[in-house]
Amino acid sequence: MLNEVKCPEHYAGDGIITCDRAIKSMVSGIEFEGSAGNVLCHKWQTAAEYLWRWPKKNGVDDLLKARHIIDQMIECFEVSD
């Protein structure tokens, strides 16, 4: 049960590179300004999680969730233009 809490199968990857490790690497060295930047970074990480797990968890539903979040990210830039 502990493995299901710390690293469920749909986030385990190959056992060496887990979703958590991949996302930490993905955002390393990237800085966004202000609280809006924090929200943007969170959305980026969440979309990556959905893209990582889609074939092992919720299939197309996870792809749709990722697309929805990516659309929200794009809207952040369109509003600021």
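Everything discussed here concerns the structure shown above.
Quick notes on the overall build of the protein chain
The helix and strand tally for the protein chain stands at five helices and zero strands. The linear arrangement of helices and strands in the protein chain, starting from the amino end, is α-α-α-α-α. Burial statistics for the protein chain: of 81 residues in total, 26% are counted as buried. For the protein chain, the accessible area works out to roughly 6100 Å², and carbon and sulfur atoms hold 56% of it.

A short note on a nonpolar patch on the surface
Residues Leu51, Ile70 and Ile74 make up a contiguous nonpolar surface patch of about 230 Å² in total accessible area. On the secondary structure map, isoleucine 74 appears in helix α5 (residues 60-80). Residue classification places isoleucine 74 among the partly exposed residues on the basis of a relative accessible area of 41%.

Description of the packing of aromatic side chains
A complete count under the given rule lists one aromatic pair for this structure. Look at phenylalanine 32 and tryptophan 44: their rings are 6.2 Å apart centre to centre, the planes differ by 85 degrees, and that puts the pair in the edge-to-face class. Taken together, the residues phenylalanine 32 in the loop between α3 (19-27) and α4 (34-53) and tryptophan 44 in helix α4 connect sequence positions 12 residues apart. Judged by relative accessible area, which is 32%, phenylalanine 32 ranks as partly exposed.

Details of α4
Taking 1.5 Å of rise per residue, 20 residues should cover 28 Å, and α4 covers 29 Å from first to last C-alpha, within 8% of that figure. Buried residues of α4: Gly37, Leu40, Cys41, Lys43, Thr46, Ala47, Ala48, Tyr50 and Arg53, and no others.

Observations concerning the environment of tyrosine 11
Its location among the elements puts tyrosine 11 in helix α2 (residues 9-12). Its relative accessible area of 17% is what places tyrosine 11 among the buried residues. Setting aside its immediate chain neighbours within four residues, tyrosine 11 contacts Thr18, Cys19, Glu49, Trp52 and Arg53.

Let's talk about the nonpolar core
By size, the foremost hydrophobic cluster in this structure holds six residues: Leu40, Ala47, Tyr50, Ala66, Ile69 and Met73. Among the secondary structure elements, those contributing two or more residues to this core are α4 and α5. Once you skip the residues sitting within four places of it in the chain, tyrosine 50 turns out to touch Asp62, Lys65, Ala66 and Ile69.

Concerning the pattern of salt bridges
This model, assessed by the stated rule, comprises three salt bridges. Of the charged contacts in the structure, one is a salt bridge between arginine 53 and aspartate 62, with a shortest N-O distance of 2.8 Å. Each member of the pair, arginine 53 as well as aspartate 62, is classed as buried. One salt bridge connects lysine 65 with aspartate 62, and the closest N-O pair in it is separated by 4.0 Å. Residue lysine 65 and its partner aspartate 62 are both found in helix α5; the two are separated by three residues, about one turn of the helix. Linked through salt bridges whose partners overlap, the residues forming this network are Arg53, Asp62 and Lys65.

Cut-offs applied
Residues numbered from 1 in each chain as written. Predicted model: local features only at pLDDT ≥ 70, side-chain atom pairs only at ≥ 80, totals over all residues. Heavy atoms only, no water. Helix = DSSP H or I, 4+ residues; strand = E, 2+ residues; numbered from the N terminus. Buried < 20%, exposed > 50% of the residue type's maximum accessible area, 1.4 Å probe, protein only. Areas by Shrake-Rupley, 256 points an atom, 1.4 Å probe, with all protein chains shown as cover. Patch = residues over 30% accessible without salt bridge, like charges linked within 9 Å, V, L, I, M, F, W, Y side chains within 5 Å. Salt bridge = Lys/Arg side-chain N within 4 Å of Asp/Glu carboxyl O. Phe/Tyr/Trp six-rings, centres within 6.5 Å; stacked < 30°, edge-to-face > 60°. Expected span 1.5 Å × (residues − 1). Contact = heavy atoms within 4.5 Å. Core = buried A, V, L, I, M, F, W, Y, C linked by side-chain atoms within 4.5 Å.

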